[in-house]
Amino acid sequence: MAAHPVIVAIDGPSGTGKSSTSRAVAARLGLSYLDTGAQYRAMTWWMLTNDIDVSDPAAVAAVAAKPSIVSGTDPLAPTITVDGADVSGPIRGPEVTGAVSAVSAVPEVRALVTELQRSIAAAASGGIVVEGRDIGVVVLPAADVKIFLTASPEARAARRSAELAGVVGGPATDVARTREALVRRDAADAGRKASPMAKADDAIEVDTTDLSLEQVVECVVGLVEERRGRRRS
Ligand code: DC
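On a predicted model such as this, the values are computed, not experimentally measured, just so you know.

About the thresholds
- Residues numbered from 1 in each chain as written.
- Predicted model: local features only at pLDDT ≥ 70, side-chain atom pairs only at ≥ 80, totals over all residues.
- Heavy atoms only, no water.
- Helix = DSSP H or I, 4+ residues; strand = E, 2+ residues; numbered from the N terminus.
- Axes fitted to C-alpha atoms, helices over the stretch in contact; angles between N-to-C directions.
- Parallel < 35°, antiparallel > 145°, perpendicular 65-115°, else oblique.
- Left-handed = near helix turned anticlockwise from the far one by under 90°.
- Contact = heavy atoms within 4.5 Å.
- Nonpolar A, V, L, I, M, F, W, Y, C, P; charged D, E, K, R; others polar.
- Expected span 1.5 Å × (residues − 1).
- Buried < 20%, exposed > 50% of the residue type's maximum accessible area, 1.4 Å probe, protein only.
- Arc of directions from axis to C-beta.

Student: Go over unusual backbone geometry, please, and point to the residues and values.
Tutor: Although it is not a glycine, Asp-83 sits at a positive phi angle of roughly 50°. Following the sequence through the fold, Asp-83 ends up in the loop between β4 (79-82) and β5 (85-86). A positive phi angle is found at Ser-195, which is not glycine, with a value near 30°. Mapped onto the elements of the fold, Ser-195 is located in the loop between α8 (175-191) and β8 (204-207).

In structure tokens form, the structure reads like this:
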């Protein structure tokens, strides 16, 4: 019987190089790629666009099943649409970033999005890299390889600022303010009741503070190949 397609879970806070690493690893190994943060952002964008009070969990829960969120899983050109509209730009804006922790803390939202994530992973016949906060612990606890990326708050804030300047097209944002916002969002993501950000017991922690993207990608690709080799032998 053929081995089941490899599933790689990459968790950790933002600014650790999670997205760049996940996409590059998927591209190198010919796997699909899923950015689960983008799905929570898409849900948040829909709530804001429809004037839902995101500070009211009951209001959010009542309409969470309404938007149709679709993720394209090509690591070279990932896409995200809500009810058919491309939202890849707006979901990176400050309004969504400021509201996403509140929306993603609502248990009904997590249940729906988790279901969606599991169905995408199950349909990826060639294997998949899934990045997020709770993938190794909650969404795909049977993943073949689990990675938890970390980095110092300073390194993460510097990367996030550079990323924002690139995406938004504006001047580099204030690193100190970005650091503060990151630390606040991490505390909310790690402290919430419904599946908080967490490192699985069997996850391999990689501190990316002093590593280049290429070094992190090499490390993760090596771990996946080692795992695949073990499964074959
Ligand atoms: O990775 P990101 O910054 O795009 O994620 C946006 C938010 O979504 C983040 O504040 C935490 C939340 N999130 C989550 O709760 N669970 C996931 N699997 C992925 C993201």
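Student: Outline the packing of helix α2 (residues 36-49) against helix α5 (residues 107-123), listing residues and values.
Tutor: Relative orientation of the contacting elements α2 and α5 amounts to 135°, with a least axis distance of 11 Å. Judged on the interaxial angle alone, α5 and α2 are oblique. Between α2 and α5 lies a crossing of right-handed hand. Residues Thr-36, Gln-39, Tyr-40 and Met-43 of α2 form the contact with α5, whose participating residues are Val-109, Arg-110, Val-113, Thr-114, Leu-116, Gln-117 and Ile-120. In terms of residue class, the contact of α2 with α5 is made up of 6 nonpolar, 4 polar and 1 charged.

Student: Please give an account of α8 that cites residues and values.
Tutor: With 17 residues, α8 extends 24 Å from end C-alpha to end C-alpha; this agrees with the ideal 24 Å at 1.5 Å per step. Those residues of α8 not exposed but buried are Thr-178, Leu-182, Arg-185, Asp-186 and Asp-189. Viewed end-on, α8 has its buried residues packed into an arc of 105°, placing them on one side of the element. Along α8, the residues that are exposed and aim more than 90 degrees away from the buried face are Ala-176, Arg-177, Arg-184 and Gly-191.

Purely geometric stuff here, so don't read any function into it on its own.
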